Amino acid sequence: MLGAAGLGIAGAGLVALPGCGVYAAEDGEAFAAWEFPGGERIPERVVARAALLGASPHNTQPWGVAISPAAVELRARFDRNLGTMDGLRRELHIGLGCAVENMAIAAAAVGRAATVALLPDPTDPALVARVALTPATARPSALFDAIPNRHTNRGPYLDGAAAPGLEAALRGLQDERSLEFHWLDSLGERARFRQETIDATEAITGDADMSRDSDRWYRHTAEEIVANRDGTSIDAAGLGASERTLGKAGARPSEESANTYWLDATRTRHTTGSAFAILSSTTESTRVDQLRVGRVYQRMHLWATSQGLGMQPLNQLAERQDREEAQKLEPRFTRALASFVGSGRRAQMLFRIGYPWERAFASARRPLEWVLS
Ligand SMILES: Cc1cc2nc3c(=O)[nH]c(=O)nc-3n(C[C@H](O)[C@H](O)[C@H](O)COP(=O)(O)O)c2cc1C
């Protein structure tokens, strides 16, 4: 079992290693942001705090916020990027779009009509969105209620068919004309997506730069989690209780064993579920397209959460596509993606959906005070 966990643990006797120790999931200051909206009564602060709970690549949280009663502005933190794992900064912008969607949903729930302007100032690419707020009747929603419960679920899902109506329900949430939603639920499509994703994972783990840049965002100890309040962790990995405990007790896994673990998890857990899905844009792939993809993805994940469904982005193919473009490599995975979305489209966000066996845990968040600008 320990080998399968791939956490580089030789045995449970390693508990006493310096810098290691078992800690509780979702405990302490690093997770306080999830008490949402908690006691917060000021509408624009609820809107800003909702932004912090969006999904983001490797939990980089590449954002800052500026608050006034009339508007909340979301700014990109380009320094919080994934390096060669996201060489074209596609994922960074999708993550910012996720934050924008949470802001719009929260505004409606706390009695503010939100007018969202994406990239409103062409001379300032860091000003990602201005969400103008005007008083309106409060419209609470199931999506708002789902904001603090939405967590990426990397555990096993039931390998059965999707419930009738699931595809249509998700399609109904996609209201951006420049985007398309691709649904892969036949056995053949699922098997092909699964194998291509495993191959792309292998390509990433065999790429020293991507592997290093991914590993930089892994937080192993409770101290690292509370100091950074970002990144990925054992509790977010979708492991069972005993694997999580043993993983925390052991030393930080080497980059190599983390890669082995990831590849193994991709084969065994991450490719289970009822369907894979892809959000695509035109091949122009503008920043606004990417922000819109983020908005739609976040909306779908919130809705899935409200229905007890699990979701997990699986972007290895798109990460390799971007790498191929940046490095002028043979377009192996670019072609694979085109076979799913058509050659006139660009795959932006890939994910799986299904019925999970276990609940997912929250990942750390930086508090509002750390991101105010
Ligand atoms: C653009 C984007 C790409 C992502 N790609 C992956 C991925 O390939 N695999 C994965 O397990 N999670 C992926 N995620 C999920 C993030 O790692 C996750 O949102 C982040 O760690 C915060 O956790 P949370 O979603 O549970 O709040 C992605 C998220 C975004 C926004």
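Residue positions are given per chain, counting from 1 as you read along its sequence in written order. pLDDT decides what is reported in this predicted model: residues at 70 or higher carry local features, side-chain atom pairs at 80 or more are listed and counted, and totals for whole chains, interfaces and linings draw on all residues regardless. Side-chain measures were taken over the full set of non-hydrogen atoms in the model, leaving aside hydrogen atoms and water.

Novice: Whenever I open this one, the pairing of strand E4 (residues 127-135) confuses me. Can you help?
Specialist: Regular strands place their side chains on alternate faces of the sheet. As paired elements, strand E2 (residues 71-76) and E4 share five bridges and run antiparallel to each other. From the neighbouring strand, Leu74 faces E4, where its bridge partner is Ala129. Pairing geometry for strand E3 (residues 112-118) and E4, over seven bridges, is antiparallel. Bridge pairing in E4 places Arg112 opposite Pro135. Whether two strands pair comes down to DSSP finding at least two bridges between them. Secondary structure elements follow DSSP: runs of H or I no shorter than four residues count as helices, runs of E no shorter than two count as strands, and numbering proceeds from the N terminus.

Novice: Help me understand the nonpolar core, please; the structure alone is not making it clear to me.
Specialist: Note that soluble globular proteins tend to have their nonpolar side chains buried in a common cluster. Buried Ala, Val, Leu, Ile, Met, Phe, Trp, Tyr and Cys residues form a nonpolar core when they are joined through side-chain atoms within 4.5 Å. Per-residue accessibility, obtained with a 1.4 Å probe over protein chains only, is compared with the maximum for each type, and a residue is labelled buried under 20%, exposed over 50%, and partly exposed between these values. Counting 43 residues, the largest nonpolar core has Leu170, Leu279, Met300 and Ile353 as the members making the most contacts within it. Of all the secondary-structure elements, those providing two or more residues to this core are helix H2 (43-51), helix H3 (90-109), helix H4 (142-146), helix H5 (166-172), strand E5 (180-184), strand E6 (275-282), helix H11 (287-306) and strand E8 (345-354). It is H11 that contributes the most residues to this core, seven residues altogether. When residues of this core are assigned to domains, at least three map to each of domain 1 (29-150) and domain 2 (151-354). Throughout, a residue-residue contact means that at least one pair of heavy atoms, one from each residue, lies within 4.5 Å. Every residue in contact with Leu170, bar those within four places of it in the chain, is listed here: Phe181, Trp183, Met300, Trp303 and Ile353. Reported domain spans reflect what an automatic or database domain assignment gives.

Novice: Is there a simple way to explain the site of the ligand in this structure?
Specialist: By convention in this text, a residue qualifies as near a molecule or strand provided that one of its non-hydrogen atoms is within 4 Å of it. In the vicinity of the ligand there are 20 residues, among which Thr152, Arg154, Gln312, Asn315 and Arg365 approach most closely. Here a polar contact means two N or O atoms within 3.5 Å. Within protein one must be a hydrogen donor candidate and the other an acceptor candidate, and residues neighboring in sequence count only if both atoms are side-chain atoms. One of the side-chain nitrogen or oxygen atoms of Gln312 is found 2.8 Å away from an oxygen atom of the ligand. Here the open area of atoms and residues is found with the Shrake-Rupley method and a 1.4 Å probe, where only the protein chains shown may cover a residue. Contact with the protein chains removes 94% of the 620 Å² of surface that the ligand exposes when unbound. For the shell around the ligand, the secondary-structure elements that each account for two or more residues are H3 and strand E7 (310-313). Residues belonging to the shell around the ligand are distributed by class as follows: seven nonpolar, nine polar and four charged. Here the shell around the ligand spans two domains, and each of domain 1 (29-150) and domain 2 (151-354) adds at least three residues to it. Put simply, Ala, Val, Leu, Ile, Met, Phe, Trp, Tyr, Cys and Pro go in the nonpolar bin, Asp, Glu, Lys and Arg in the charged bin, and everything else, Gly too, in the polar bin.

Novice: What am I meant to see in the environment of Ala104 here?
Specialist: Relative to the helices and strands, Ala104 resides in helix H3. Linking Ala104 and Leu133, residues 29 residues apart in sequence, is a C-alpha distance of 9.5 Å. Contacts of Ala104, omitting those with residues within four sequence positions, involve Ala114, Val116 and Arg295.

Novice: Teacher, can you tell me more about the packing of H3 against H11 here?
Specialist: Packed helices, taken two at a time, are described by their axes: the angle between them and the distance between them. Between H3 and H11, whose axes approach to 6 Å, the crossing angle comes to 55°. With respect to H11, the axis of H3 lies oblique. For H3 against H11, the interelement crossing comes out right-handed. Every residue of H11 that contacts H3 at Arg90, His93, Ile94, Leu96, Gly97, Cys98, Val100, Glu101, Asn102, Ala104 and Ile105 is listed here: Arg287, Gln290, Leu291, Val293, Gly294, Arg295, Tyr297, Gln298, Arg299 and Leu302. Along the lines of polarity and charge, the residues of the contact of H3 with H11 split into ten nonpolar, six polar and five charged. Orientation is described by lines fitted to C-alpha atoms, with helices fitted over the stretch in contact, and by angles between N-to-C directions that extend from 0 to 180 degrees. These descriptions rest on fixed angle ranges, namely under 35 degrees for roughly parallel, over 145 for roughly antiparallel, 65 to 115 for roughly perpendicular, and the rest for oblique. A clockwise turn of the near helix away from the far one marks a right-handed crossing, whereas an anticlockwise turn of less than a right angle marks a left-handed crossing.

Novice: What's the story with the sheet that holds E5 in this structure? I'm lost.
Specialist: In sheet architecture, strand pairing relies on hydrogen bonds along the backbone and comes in two forms, parallel and antiparallel. In spatial order, the strands read E5-E6-E8-E7; together these four strands make up an open sheet with antiparallel pairing. With partners counted over all chains shown, the strands left at the sheet margins are E5 and E7, one partner each. With direction set aside, neighbouring strand axes in the sheet form an average angle of 25°. Bridge count for E6 against E8 is eight bridges, and the pairing is antiparallel. Counted as the bridge partner of Thr282 is Arg345 from E8.

Novice: Teacher, can you tell me more about helix H12 (residues 316-327) here?
Specialist: For the α-helix, the turn length of 3.6 residues means that residues three or four positions removed from each other point alike. Expected span, for any helix, means 1.5 Å times one less than how many residues it has. In this model H12 runs 16 Å from its N-terminal to its C-terminal C-alpha over twelve residues, within 8% of the 16 Å that 1.5 Å per residue would give. Among the twelve residues that make up H12, nine are buried, leaving the element largely enclosed by the rest of the structure. The set of residues buried in H12 consists of Gln316, Leu317, Ala318, Glu319, Arg320, Gln321, Asp322, Arg323 and Glu324. Where H12 is buried, its residues meet H3, helix H6 (187-205), helix H7 (208-215), helix H10 (255-268), helix H13 (332-341) and E8. Positioned one or two residues after H12, Lys328 has a phi angle of 55°, which is positive.

Novice: Sorry, what's going on with the domain arrangement of the protein chain here?
Specialist: Accessible area lost on assembly of the parts is the figure often given for the size of an interface. You can read the domains of the protein chain as domain 1 (29-150) and domain 2 (151-354). With 43 residues of domain 1 at the contact, the number on the domain 2 side is 43 residues. Accessible-area loss on putting two parts together, using a 1.4 Å probe and summing over both, is the definition of buried area adopted here. Between domain 1 and domain 2, a total of about 3,700 Å² is buried, with carbon and sulfur atoms accounting for 63% of that surface. Three residues stand out in domain 1 for area buried against domain 2, namely Met85, Arg90 and Arg150, and they jointly supply 21% of the buried area on that side. Definition used for salt bridges: Asp or Glu carboxyl oxygen within 4 Å of a side-chain nitrogen of Lys or Arg. Summed over the shared surface of domain 1 and domain 2, the result is five salt bridges. Our count for the domain 1 to domain 2 interface comes out at 17 residue pairs in polar contact (both at pLDDT 80 or more).

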